[in-house]
Amino acid sequence: MNLNFASDNTGPVAPAIMDAILAANTGAAMPYGNDPWMPGVRDALRTLFDWPEAEVLLVATGTGANALALAGLVNPWDAVLCHRIAHIEEDECGAPEFFTGGAKLVLVDGADGRIDADALAAQIGRTGVSVHNVQKGALSLTNVTEAGTLYTLDQLRDLTTMARNGGFATHLDGARFANACAALACSAADMVRGFDMVSFGGTKNGCMAVEAIVIRDPARHREMELRRKRGAQLWSKHRYLSVQMMAYLADDLWLKNARASNAASARLATGLRDLGAMMEWEPQANMIFARLPRATHDRALNKADYYLMDEADDAAGGPLCRLVCDFTKTNAEVDALLTLFAG
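I will try to describe carefully the structure that is included in this document.

Rules of the game
- Residues numbered from 1 in each chain as written.
- Predicted model: local features only at pLDDT ≥ 70, side-chain atom pairs only at ≥ 80, totals over all residues.
- Heavy atoms only, no water.
- Helix = DSSP H or I, 4+ residues; strand = E, 2+ residues; numbered from the N terminus.
- Rg over C-alpha atoms; globule rule 2.2 N^0.38 Å.
- Buried < 20%, exposed > 50% of the residue type's maximum accessible area, 1.4 Å probe, protein only.
- Phe/Tyr/Trp six-rings, centres within 6.5 Å; stacked < 30°, edge-to-face > 60°.
- Lys NZ or Arg CZ within 6 Å of the ring centre and 35° of its normal.
- Pairing = 2+ DSSP bridges.
- Axes fitted to C-alpha atoms, helices over the stretch in contact; angles between N-to-C directions.
- Salt bridge = Lys/Arg side-chain N within 4 Å of Asp/Glu carboxyl O.
- Contact = heavy atoms within 4.5 Å.
- Core = buried A, V, L, I, M, F, W, Y, C linked by side-chain atoms within 4.5 Å.

When helices and strands are tallied, the protein chain shows 14 helices and 13 strands. Expected size for 343 residues packed as a compact globule is a radius of gyration near 20 Å; at 20 Å, the protein chain falls within 12% of this value. Principal-axis analysis of the C-alpha atoms gives the protein chain an extent of 60 × 60 × 30 Å. Relative to its full complement of 343 residues, the protein chain shows a buried share of 52%.

Quick look at the packing of aromatic side chains now. Using the criterion set out here, one finds 10 aromatic pairs in the structure. Feature note: the residues Phe 49, Trp 51, Phe 177, Phe 200, Tyr 248 and Trp 254 constitute an aromatic cluster, connected by ring pairs. Just above the ring of Phe 5 sits the side chain of Lys 329; from NZ or CZ to the centre is 5.2 Å.

The strand order E2-E8-E7-E6-E5-E3-E4 describes an open sheet built from 7 strands, whose pairing is mixed. The sheet is open, and its two edges are formed by strand E2 (55-59) and strand E4 (104-108), each paired on a single side. Taking the axes of each pair of neighbouring strands and ignoring which way they run, one obtains an average angle of 20° across the sheet. Bridge count for E2 against strand E8 (residues 211-215) is 5 bridges, and the pairing is antiparallel.

Another aspect to go through is the pattern of salt bridges. All told, the structure shown has 18 salt bridges when counted by the stated rule. Close ionic contact of Asp 196 with Arg 164 constitutes a salt bridge, the shortest N to O distance being 2.8 Å. Placement of the pair is Asp 196 in the loop between helix H9 (188-192) and strand E7 (197-201) and Arg 164 in helix H7 (residues 153-165), with a sequence separation of 32 residues. You can call Asp 196 buried: its relative accessible area is 8%. Judged by relative accessible area, Arg 164 falls into the partly exposed class, the value being 36%. For Arg 291, the salt bridge goes to Asp 310, with nearest N and O atoms at 2.9 Å. With Arg 291 in strand E10 (residues 287-291) and Asp 310 in the loop between strand E12 (307-308) and strand E13 (320-324), this pair connects stretches of sequence that are 19 residues apart. Residue class for Arg 291 comes out buried when judged on its relative accessible area of 12%. We classify Asp 310 as partly exposed; its relative accessible area is 25%. Through salt bridges with shared partners, one network takes in Arg 42, Asp 43, Arg 46 and Glu 55.

Quick look at the sheet that holds E10 now. Read from one edge of the open sheet, 4 strands run E9-E10-E13-E12, paired in antiparallel fashion. At either margin of the open sheet sits one strand with a lone partner, and together these are strand E9 (278-279) and E12. Note: E12 against E13, 2 bridges, orientation antiparallel. Paired with Leu 308 across the strands is Cys 321, a residue of E13. On top of the sheet, helix H12 (residues 253-274) reaches E9, E10 and E13; it is set at about 10° to E10, its chief contact.

A few words now on the nonpolar core. Across soluble globular proteins, nonpolar side chains have a tendency to be buried as a group. Among the nonpolar cores identified, the biggest contains 64 residues, and Phe 49, Phe 177, Phe 200 and Trp 254 are the most heavily contacted of them. Considering every element that reaches this core, the biggest residue donor is helix H11 (residues 239-249), with 7 residues. Membership of the second largest hydrophobic core comes to 21 residues, among which are Phe 5, Leu 272, Ile 288 and Ala 290.

In this model, Asn 143 is joined to Val 144 through a cis peptide bond whose omega is 10°. Mapped onto the fold, Val 144 is located in the loop between strand E5 (135-142) and H7. Unlike most non-glycine residues, Ala 185 shows phi in positive territory, near 55°. Tracing the sequence through the fold places Ala 185 in the loop between helix H8 (177-184) and H9. Even without a glycine there, the phi angle at Asp 251 is positive, about 55°. As for its position among the elements, Asp 251 is in the loop between H11 and H12. On the accessibility criterion, Asp 251 (67% relative accessible area) is exposed.

Secondary-structure assignment places Asp 91 in the loop between helix H4 (87-90) and helix H5 (95-99). When the C-alpha positions of Asp 91 and Ala 209 are compared, they lie 18 Å apart, and in sequence the two are 118 residues distant.

Looking now at the side chain of Asn 179. Following the sequence through the fold, Asn 179 ends up in helix H8. Here Asn 179 is in contact with Val 144, Ala 258, Ser 261, Asn 262, Ala 285 and Asn 286, once residues within four sequence places are set aside.

Dropping the structure here:
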């Protein structure tokens with residue numbers, strides 16, 4: 001049994017999505033987004049988000065989706081406000097700064113991976129006060145956060161309202177958008193209310209390689225098309241992106257997969273607590289950050305794959321590990337990992 005809990009990126013392609021790719025792999029189809037499937041993708045996402053005039057651009061990577069979306073919202077002299085451990089800060093290799101032409105990521109504090117409202121208000125108040133400062137650009141929020149926690153809908157609404165009233169555009173990094181919707185039992189339309197642009201993730205949740213940039217204001221579409229091309233994210237054989245996204249949205253596969261990964265993570269979290277693991281943050285979706293003794297990791301990492309995030313000694317609870325469940329994780333796999341941990 002391959003016990004891999006390193007990332008939801010390690011999971012396979014969902015069968016329905018692989019079938020859609022194979023079915024599209026015959027004959028000719030127009031390139032660069034002019035394939036016959038793309039209008040259906042656009043219509044489906046407009047309906048899902050309740051954004052009837054939205055435009056949609058498909059790209060192959062989450063970094064591309066986030067960096068291009070932010071580039072379409074800010075100027076090079078602007079600030080992008082994000083949490084201190086946001087993915088765009090810690091894991092994008094400077095891509096947001098590169099694609100925006102130099103916009104500055106300004107880090108905002110907050111417990112449990114969530115931006116604190118008071119900290120955001122303070123930062124908004126001191127941004128763009130003179131020509132010597134970076135100017136008001138965009139707020140970027142992530143749900144599920146990089147700590148595996150969630151913003152409630154009310155928290156999202158409060159922060160985006162504060163940002164918009166303060167002269168900032170709003171962006172949602174939705175790499176795990178589906179997991180957030182499943183955990184909150186909310187609609188996609190509820191999740192995106194208050195945002196100008198959304199990176200709607202597919203790759204972590206059963207797609208082979210596709211992310212959607214969903215643009216609420218169609219007036220931004222032309223510029224975003226040019227940015228996608230200039231950023232080397234416009235696929236020539238675009239049909240293979242379109243059919244992935246179409247199959248992902250069909251019959252709520254995006255939500256069903258997320259519910260499965262969240263359920264596996266909940267089972268794993270319960271088992272870890274029974275073993276005495278210390279949770280760094282309260283697990284709320286499909287990611288767990290837990291501390292276990294060094295000897296436990298020494299034993300388990302011989303037979304399972306996951307990441308250690310630090311090397312804390314046992315007096316502090318032991319090294320911090322990150323465990324992520326994808327949509328294929330079974331009860332048997334979860335229980336086998338817990339058995340390894342138990343020794």
